[in-house]
Amino acid sequence: MSERRRAHEHHLSMATYMALAARNLTRNSRRTALTLAALVVAIGALTFLMGFMNAYLVGMNENFVLVMNGHIQIYGPEFKDSNLIDDYMPDTAPITAALDGDDRVRAWTQRITASGLASVARSTTSVAVVGVDPLREPEVGRLRTFVVAGEWLAPEDAGGVLLGVDIADNLEVELGDKIVMMTQGPGGDIVSEAFRVRGLLHSGIPDIDRVLALVTLSSAQSWLGLGDGATEIVVRTHEFETVDAVADALVAGVGQSLDIRRWYNQDPLIEQMLEMQDASHLIIIAVVISVVLGQLINTMFMSLYDRVREFGLMEALGSRRRNLFAMLLWESILLVSIGGFIGYAIAYGAILWTAAVGIDLSAFGDTLASMYIDPIIRPVIDLQSNLYLLGTIIVTAILAGLLPAWRATRLNPVEAMRQI
Amino acid sequence: MALIETENLVKTYRLGDITVRALNGVTLSVGNEEFVVLAGRSGSGKTTLLNMLGALDMPDSGTVRIKGEEFINLSKDARALFRLRHIGFVFQAYNLIRVLSARENVAYVLELQGVPKSERHRRADHWLNEVGLGDMGDRRHDQLSGGQQQRVAVARALAAEPDIVLADEPTANLDSGTGQQLLDTMRHLNEVHKTTFVFASHDPVVIGAAKRLVRLDDGRIASDEIKR
Ligand SMILES: Nc1ncnc2c1ncn2[C@@H]1O[C@H](COP(=O)(O)OP(=O)(O)OP(=O)(O)O)[C@@H](O)[C@H]1O
Ligand SMILES: [Mg+2]
């Protein structure tokens, strides 16, 4: 026998392993079909679910940013801790100039935020008085789109206010009514001023509907005596990906002594949701793996026990342990690949279809809106989660094949062939 | 030099409290080109001895040498390699890998031996032809009769060019006419290709074809005679 042939001893080709695997899978076609069905459902559902979750999480992040928080917020160094108007930024010009010079910045706006009270003759309620730039604000956020009655603030309107619908309800005021708002100016002086209700805001987000009283930036500046100052500057970039770079540049430059925050550490809710996104992916994957793994291991063991005699025969014919091991492993991998492929194809189709049509959850409108979730969700196919899934499937297949394959190598051929 | 030699083989099986001495000191030597039949009552130890000769099973004590090579202390994989290179098997039943055709069954062993693909199929067809199954290469186990399955096993054993073919009750599931045909084929192969055969059987047809007859009784050799 030649050396060359010796080197190939016990090497079975992929074609042989695949032929054996495929034909053995059709041997008990009922069992194979059941296992395939389980795989298709599990992998299909998982793929679709991840597409769905990605969609609402991406939407949620985007909404959170776009409603009013922006990608980056800039405050005076003490403002977020003290919540005192005294800690406002008297001169924002260097920063706005820097923002204007940065191509990655899409828009910016300035605001004055102060907590206060709003009252009419019969009742009083607490509000967040927010002075906004009527022209710049819509470039950054969506506040303007929440106006459900009346009009958005006009730039020169010094005495107008927009109220969250819940505030208006509490005070029982309507468009055109007059309210008095009270807050603290710098140094702690209580200042009050009368405003006329020009419009109502409805967003479904409690932080807006129950809290906001919008006035123009210039009226807030003159009312509180802040000159050209503001308590915050809100920045929207062109892309999520450039947020850190823009913020870093500010921190290193004109914003050195200021408090600069990024969208993902603005709100504990969003931060938690982002962490949960990873955690829930993992949990779902873990559950699906255990179910699929159980079913697969069971199938592969039954397949092994059905063929004990045949494995004995193959050993008698000179097959080595690794030949038997590989046979069962490839069988398991083939089974999972077929199930995975079909499941993935169905889920992909379902995602494309629902993305086109949209999944309408507007029945839960305000609940979803309060979490910044869109009422109509369009699932997306996300490469990273799919790679996750692919890796998971492969690992599962190998795990499921491993144990029965190992068991096959432990058979005693003489005993195996004595079996009926 | 003898092709196979055993020395004082002992094998005991334990079934609960009972111990069965399947082989009780068997010393046997088989030379090249022999055509030996191990005969004896059921339970006399024929299969046990054959499995030892084929490196499928291990004795409790004693030695087995094939071409001077001792395999008693070899690992499972090393014995698999040993079988692959030196031994061909024909069993009483369940001879075929069920999902493979007759040709593929033969080719399977050749692939394990490292024979290139083109040669595998040529050789498989040649040997199927040799055992009279030239037109049945594509059939699988359920499309072949019992006798045809035995023939595929013979073709598979011989295609691998072993030093020795071990056949355990190859005719047990066949009618006597078919059994006789199979035996004639193997005698022919023994004479033309000089392949050594060792049978375990109590079938008169097999015993009648023997060149040498070894009788076992209770795990010992009771008689050993040259027939012709
Ligand atoms: N794996 C085993 N476990 C327990 N006892 C066994 C085992 N294999 C064989 N034996 C016993 O060893 C003895 C010899 O068995 P063996 O199969 O070698 O006999 P045999 O001559 O081939 O018989 P038969 O003609 O029925 O095939 C018998 O008593 C049998 O019951
Ligand atoms: Mg027997």
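Criteria and cut-off values
Within every chain, residues take consecutive numbers counted from 1 along the sequence as written. To label them, take the chains in the order written and letter them from A, then take the ligands in the order written and number them from 1. At least 70 in pLDDT is required for a residue's local features to be given in this predicted model, at least 80 for side-chain atom pairs to be given and counted, and no such filter applies to totals for whole chains, interfaces and linings, which use all residues. Based on all heavy atoms of the structure, the side-chain values leave hydrogens and waters out of the count. For this description, a residue counts as near a given molecule or strand if any of its non-hydrogen atoms is within 4 Å of it. Any pair of nitrogen or oxygen atoms within 3.5 Å is treated as a polar contact; in protein, a donor-acceptor pairing is required on top of that, and neighbouring residues in sequence qualify only through side-chain atoms on both sides. Accessible areas in this description were obtained via Shrake-Rupley with a 1.4 Å probe; residue shielding takes into account the shown protein chains only. Secondary structure counts use DSSP, requiring at least four H or I residues in a row for a helix and at least two E residues in a row for a strand, with both numbered from the N terminus. Each residue's exposure class comes from its accessible area (1.4 Å probe, protein chains only) as a fraction of the maximum for that residue type: buried when under 20%, exposed when over 50%, partly exposed otherwise. The contact definition used throughout considers only heavy atoms, calling two residues in contact when any of these lie within 4.5 Å. Buried area is understood as the total, over both parts, of accessible area removed when two parts are fitted together, assessed with a 1.4 Å probe. Counted as salt bridges are all cases of a side-chain nitrogen of Lys or Arg within 4 Å of a carboxyl oxygen of Asp or Glu. Ten residues, namely Ala, Val, Leu, Ile, Met, Phe, Trp, Tyr, Cys and Pro, are considered nonpolar, four, namely Asp, Glu, Lys and Arg, are considered charged, and the remaining ones, Gly among them, are considered polar. A pair of Phe, Tyr and Trp rings is counted when the ring centres sit within 6.5 Å of each other, with Trp represented by its six-membered ring. The angle between the planes then sorts it: under 30 degrees is stacked, over 60 is edge-to-face, the rest tilted. Both a distance and an angle decide whether a charge sits over a ring: NZ of Lys or CZ of Arg must be within 6 Å of the ring centre and within 35 degrees of the ring normal. The domain limits used here are those given by an automatic or database domain assignment. Axis lines are fitted through C-alpha atoms, for helices just across the contact stretch, and the angle between N-to-C directions can take any value from 0 to 180 degrees. Note on terminology: angles under 35 degrees are roughly parallel, angles over 145 are roughly antiparallel, angles of 65 to 115 are roughly perpendicular, and the others are oblique. Note on convention: the crossing is left-handed when the near helix lies turned anticlockwise from the far helix by less than a right angle, right-handed when the turn is clockwise.

Q: Is there a simple way to think about the site of ligand 1 in this case?
A: In the vicinity of ligand 1 there are 16 residues, among which S42, G43, K46, T47 and T48 of chain B approach most closely. Looking at the residues close to ligand 1, they fall on chains A and B. Note that a nitrogen atom of ligand 1 is positioned 3.3 Å from one of the side-chain N or O atoms of E415 of chain A. Measuring from an oxygen atom of ligand 1, one finds a side-chain N or O atom of T48 of chain B at 2.5 Å. Protein chains shield 78% of the accessible area of ligand 1, which is 630 Å² for the free molecule. Looking at the shell around ligand 1, the elements that each hand over two or more residues are α16 (413-418) of chain A together with β1 (4-15), β2 (18-30) and α1 (46-53) of chain B. The element contributing the most residues to the shell around ligand 1 is α1 of chain B, with 3 residues.

Q: Sorry, what's going on with the environment of R407 of chain A here?
A: All names here are of chain A. Structurally, R407 can be placed in helix α15 (residues 383-409). The class of R407 is partly exposed, set by a relative accessible area of 30%. Distance from R407 to F325, taken between C-alpha atoms, is 8.4 Å for residues 82 residues apart in sequence. In this structure, R407 is in contact with F301, L304 and Y305, ignoring residues within four places of it in sequence.

Q: What should I look at first to understand the interface of chain A and chain B in this one?
A: As a measure of interface size, the accessible area lost when the parts come together is often cited. On the chain B side, the residues contacting the 33 residues of chain A number 32 residues. Together chain A and chain B conceal approximately 3,100 Å² of surface at their shared face, both sides included; 56% is due to carbon and sulfur atoms. The interface formed by chain A and chain B holds 5 salt bridges in total. A salt bridge links E315 of chain A to K76 of chain B, with the shortest nitrogen-to-oxygen separation between them at 3.5 Å. Breaking the side of chain A that touches chain B down by element, the ones donating at least two residues are α1 (3-7), α2 (14-27), α12 (308-316), α13 (321-357) and α16 of chain A. When residues in the side of chain A that touches chain B are grouped by element, the largest group, 6 residues, is from α12 of chain A. Looking at side-chain class alone, the side of chain A that touches chain B contains 12 nonpolar, 10 polar and 11 charged residues.

Q: Quick question: what am I supposed to make of the packing of aromatic side chains here?
A: Note on aromatic pairs: each is described by the distance of the centres and the angle between the planes. For the coordinates displayed, the defined rule picks out 9 aromatic pairs over all chains. Between F240 of chain A and W263 of chain A the ring centres are 5.0 Å apart and the planes differ by 80°, which places this aromatic pair in the edge-to-face class. Taken together, the residues F240 of chain A in the loop between β9 (232-237) and α10 (243-252) and W263 of chain A in the loop between β10 (259-262) and α11 (268-306) connect sequence positions 23 residues apart. Under the relative-accessibility criterion, F240 of chain A is labelled partly exposed at 28%. The rings of F35, F197 and F199 of chain B are connected pair by pair, giving a single aromatic cluster. The aromatic ring of F35 of chain B is capped on one face by R187 of chain B, whose charged end is 5.5 Å from the ring centroid.

Q: For this particular structure, what's the right way to read the domain arrangement of chain A?
A: Along its sequence, chain A is carved into domain 1 (3-64 + 271-417) and domain 2 (77-257). Here the C-alpha centroids of domain 1 of chain A and domain 2 of chain A sit 52 Å apart.

Q: Would you mind going over the packing of helix α4 (residues 117-130) of chain B against helix α5 (residues 146-159) of chain B with me for this structure?
A: Geometry of a packed helix pair, given as the angle between the helix axes and the separation of the axes. Residue and element names in this part refer to chain B. α5 packs onto α4 with a crossing angle of 130° between their chain directions and a minimal axis gap of 9 Å. The angle between α4 and α5 falls in the class oblique. The hand of the α4/α5 crossing is right-handed. Across from R123, W127 and L128 in α4, the residues of α5 making contact are V152, A155, L158 and A159. Broken down by class, the residue content of the contact of α4 with α5 amounts to 6 nonpolar, no polar and 1 charged.

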